[in-house]
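Structure assessment
Okay, here's what each chain looks like letter by letter:
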Amino acid sequence: MPRPEEEFGKAVGRRIRRLRQARGMTQAQLCDLTGLDAGGISRYETGYQLPNSQGLRRLAEALSVTTDEILGIHPGDIFEQLEDWLLLVPPGHHGPLRR
């Protein structure tokens with residue numbers, strides 16, 4: 001069974017590939033726009049390696065998306081996670097944690 005970090009890497013890679021292809025770009029063109037090497041782009045797209053923060057920013061700029069979109073973070077996710085966390089807090093302690 002794949003580890004969660006492996007699944008995350010593969011999901012990020014699929015998004016990078018999908019975004020690149022949706023723009024009609026080759027990996028070589030994405031390399032030219034980002035300054036990243038072809039092997040790196042290939043490793044990212046296969047999920048073998050995750051881009052570092054600088055590479056992630058360059059990819060986002062070249063693909064005209066946010067880094068959140070590449071990582072699969074959607075608005076509201078954090079608040080939903082906080083709401084789930086609040087369910088674990090004893091009811092008498094909710095007051096100071098809510099808006």
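Note: the structure precedes this text.
Throughout what follows, the structure given in this document is the object of discussion. (Residues numbered from 1 in each chain as written. Predicted model: local features only at pLDDT ≥ 70, side-chain atom pairs only at ≥ 80, totals over all residues. Heavy atoms only, no water.)

**Remarks on the overall build of the chain**
Counting its regular elements, the chain contains six helices and zero strands. Counting from the amino terminus, helix and strand elements in the chain follow one another as α-α-α-α-α-α. Carbon and sulfur atoms form 55% of the exposed surface of the chain, whose accessible area is close to 6,900 Å². (Helix = DSSP H or I, 4+ residues; strand = E, 2+ residues; numbered from the N terminus. Areas by Shrake-Rupley, 256 points an atom, 1.4 Å probe, with all protein chains shown as cover.)

**Some thoughts on the nonpolar core**
Membership of the largest hydrophobic core comes to 16 residues, with the highest contact counts inside it found for Ile 16, Leu 30, Ile 41, Leu 59 and Ile 70. Where this core is concerned, the elements lending two or more residues are α1 (4-22), α2 (27-34), α3 (38-46) and α4 (53-63). Examining the composition of this core, we find that five residues originate from one element, α4, more than from any other. Among residues more than four places away in sequence, those in contact with Ile 16 are Leu 30, Tyr 44, Glu 45, Leu 59, Leu 63 and Ile 70. (Core = buried A, V, L, I, M, F, W, Y, C linked by side-chain atoms within 4.5 Å. Buried < 20%, exposed > 50% of the residue type's maximum accessible area, 1.4 Å probe, protein only. Contact = heavy atoms within 4.5 Å.)

**Examining α3**
The set of residues buried in α3 consists of Gly 40, Ile 41, Tyr 44 and Glu 45. An end-on view of α3 places all buried positions within 130° of arc, on one side of the element. Each element contacted by the buried residues of α3 is listed here: α1, α2 and α4. Where α3 begins, one side-chain oxygen reaches toward the backbone nitrogen of Gly 39, 3.1 Å away; that side chain belongs to Asp 37. (Arc of directions from axis to C-beta. Polar contact = N/O pair within 3.5 Å; in protein donor to acceptor, adjacent residues only side chain to side chain.)

**Notes on the pattern of salt bridges**
Throughout the structure, instances matching the rule amount to two salt bridges. A salt bridge links Glu 45 to Arg 20, with the nearest nitrogen and oxygen atoms 2.5 Å apart. Of this pair, Glu 45 sits in helix α3 while Arg 20 sits in helix α1, and the two are 25 residues apart along the sequence. For the pair shown, Glu 45 and Arg 20 are each scored as buried. Connected through shared salt-bridge partners, Arg 17, Arg 20 and Glu 45 make up one network. (Salt bridge = Lys/Arg side-chain N within 4 Å of Asp/Glu carboxyl O.)

**Section: the environment of Glu 61**
Within the secondary structure layout, Glu 61 lies in helix α4. According to the relative accessible area criterion, Glu 61 is exposed, its value standing at 63%. Taking the C-alpha atoms as reference points, Glu 61 and Leu 33, 28 residues apart in sequence, are found 8.8 Å from one another.

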